[in-house]
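Analysis of the macromolecular model
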Amino acid sequence: MSALRSPRRLRIEVIAGLVVALALIPEAISFSIIAGVDPRVGLFASFTMAVSIAFLGGRPAMISAATGAIALVIAPVARDHSLDHLIATVILAGVIQVVLGLAGVAKMMRFIPRSVMVGFVNALAILIFLAQVPHMRGVPFLVYPMIAAGLLIIVVLPRLTMAVPAPLVAIVILTGITIVMGLSHVPNVGDEGDLPESLPSLLIPNVPLTFETLRIIAPYALAMALVGLLESLLTAKLVDDITDTHSDKSREAWGQGAANVITGFFGGMGGCAMIGQTMINVKASGARTRISTFMAGLFLLILVVGFGDVVAVIPMAALVAVMIMVAVGTFDWHSVQLATLRRMPKSETTVMLATVVVTVTTHNLAYGVIVGVLVAMTLFARRVAHLAETRRELLEDDGRAYARYTVTGELFFASSNDLYTQFEYADDPDRVVIDLSRSHVWDASTVAALDAIATKYDRKGKNVEIHGLNEASASMHGRLSGQLPAH
């Protein structure tokens, strides 16, 4: 509402939506080809996703549409079965996302470390750039100076005026040059595929409602739901950081699901948040509200249906220039500076690199993030395990000698496995005290280790006493001690 009352803010939001819509067209067509479906399926998906998420989503100004990650996941369904099976997969994936969103899956985002986020952003920038490479290979030489001119406009214009987004100016100028000079041999949007000539209509997939159909589509629907949520929630977190605002991640999760259900019933291939277009919207164009997201979807439909002939002549060089600058702006250059790399712990750099390498290799952001989180968890467990220490003291109580072991640190599977070897079983006196007042028992592995220590001392006729357990540790030890089989 505040944007509607401010002509300047409203202009920014509307123009941002137009720029995003222009950038969406060739990508939606490309993703349709990846999924093995007609370009109309990708374009209609982008329209319905953008318009739906503008109302349902929890992150204002974030763009959702057909994406490459989703296309890769569901491509086998269209190839091995039918378009109707693909639509059914999209609808089921949306239902799964709604359930996961309402169940609070968005709260899992707090377990994604900063180093994984940095790797996610850097990998994304690389993928955005790599996606432009096919448009720069095997093309007429004139394409290269056009890309250079587009880059120059996008870099220089903001230093002169911020009244109009530089990406839109670059697109308009290069399109005008193409038309005026009759550069018909320069690749354009129309070369990417046919544009639709009618509005999307309600569609119910023609598939049998049987267990066999569910068996076919369920694995792909689950994968699509998880990939879509992961990319969308990570993108939302990134936009939060850029705009210094908060978003409702749970609403975004179920909103993505609802948008996919709507998209499926209109014959779209589904989608999720688009980081590249979101960066165009938020960073390059300065959008901050849902209006830009809604206008992106609306302009997309108007452009491809009403002005398809005009859109078709937009040179791909203009859109390539826009996306290259998005890639440059997205990459976290500070993270790869020598000073930063020297200062940063090696484990943090390893996690970041693992995320980047896996993402770029697989062209799947979800795989990269999952591997990054696993590497971070492993390195963290290894680091914390080394913080656990055991100190032995020989003391006397009423003239009777005993050994006291003071254990310091967090005790879990990685550290407790070494705990068993820290005791002098043969040399200790008949009484042994294990002081855990400076430690915490986190899991069954630690309880099993303490049981094994007590058992070994018992075999030697020596008595073990465990002191200093805090309330949570005492509860776990009391519940599990003596109940775990020895391994």
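Residues numbered from 1 in each chain as written. Predicted model: local features only at pLDDT ≥ 70, side-chain atom pairs only at ≥ 80, totals over all residues. Heavy atoms only, no water.

Re helix 2 (residues 7–35)
Look at helix 2: 41 Å from first C-alpha to last across 29 residues, which is about the 42 Å you get at 1.5 Å a residue. Of all bends in helix 2, the biggest is about 30°, found at Leu24, and the proline Pro26 comes one to four residues later. Looking at the residues trailing helix 2, positive phi occurs at Gly36, about 80°. (Helix = DSSP H or I, 4+ residues; strand = E, 2+ residues; numbered from the N terminus. Expected span 1.5 Å × (residues − 1). Bend = angle between axes of the 7 residues up to and from the residue.)

A closer look at unusual backbone geometry
Peptide bonds are mostly trans, and most non-glycine residues show a negative phi. If you check the backbone angles, Ala61 has positive phi at about 75° while not being a glycine. Tracing the sequence through the fold places Ala61 in the loop between helix 3 (39–56) and strand 1 (64–65). Residue class for Ala61 comes out buried when judged on its relative accessible area of 1%. Unlike most non-glycine residues, Asp398 shows phi in positive territory, near 55°. Within the fold, Asp398 resides in the loop between strand 3 (389–397) and strand 4 (400–411). (Buried < 20%, exposed > 50% of the residue type's maximum accessible area, 1.4 Å probe, protein only.)

A closer look at the packing of aromatic side chains
To describe a pair of aromatic rings, you give the distance between the ring centres and the angle between the ring planes. Under the criterion given, the structure shown has 9 aromatic pairs. Relative to Phe423, the ring of Tyr405 has its centre 4.3 Å away and its plane inclined at 45°; by these criteria the two rings are tilted. Placement of Tyr405 in strand 4 and of Phe423 in the loop between helix 18 (413–419) and strand 5 (431–441) is noted, with a sequence separation of 18 residues between them. Note on Tyr405: relative accessible area 0%, which makes it buried. The rings of Tyr405, Tyr420, Phe423, Tyr425 and Tyr457 are connected pair by pair, giving a single aromatic cluster. A cation over an aromatic ring shows up here: Arg431 above the ring of Tyr402, its NZ or CZ 4.6 Å from the ring centre. The ring of Tyr425 has Lys456 lying over it, and the distance from NZ or CZ to the ring centre is 4.5 Å. (Phe/Tyr/Trp six-rings, centres within 6.5 Å; stacked < 30°, edge-to-face > 60°. Lys NZ or Arg CZ within 6 Å of the ring centre and 35° of its normal.)

Regarding the packing of helix 6 (residues 114–130) against helix 14 (residues 316–330)
Direction vectors running N to C along helix 6 and helix 14 enclose 165°, while the axes themselves pass 8 Å from each other. On the basis of their axis angle, the class for helix 6 and helix 14 is roughly antiparallel. Note that helix 6 runs across helix 14; the crossing there is left-handed. Contact with helix 6, carried on its side by Val121, Ala125, Ile128 and Phe129, involves Met323, Ile324, Val326, Ala327 and Thr330 of helix 14 and no other residues of that element. (Axes fitted to C-alpha atoms, helices over the stretch in contact; angles between N-to-C directions. Parallel < 35°, antiparallel > 145°, perpendicular 65-115°, else oblique. Left-handed = near helix turned anticlockwise from the far one by under 90°. Contact = heavy atoms within 4.5 Å.)

Re the side chain of Ser416
Mapped onto the elements, Ser416 comes out in helix 18. Contacts of Ser416, omitting those with residues within four sequence positions, involve Ser445, Thr446 and Ala449.

Here we look at the pattern of salt bridges
Summed over the entire model, instances satisfying the criterion amount to 11 salt bridges. A salt bridge links Arg391 to Glu393; the shortest N-O distance between them is 3.9 Å. For Arg391, a relative accessible area of 40% gives the class partly exposed. Judged by relative accessible area, Glu393 falls into the partly exposed class, the value being 22%. (Salt bridge = Lys/Arg side-chain N within 4 Å of Asp/Glu carboxyl O.)

Notes on a nonpolar patch on the surface
A contiguous nonpolar patch, built from Leu152, Val155, Val156 and Leu160 and spanning about 370 Å² of accessible area, is present on the exposed surface. With respect to the helices and strands, the residue Val156 is situated in helix 7 (residues 143–160). (Patch = residues over 30% accessible without salt bridge, like charges linked within 9 Å, V, L, I, M, F, W, Y side chains within 5 Å. Areas by Shrake-Rupley, 256 points an atom, 1.4 Å probe, with all protein chains shown as cover.)

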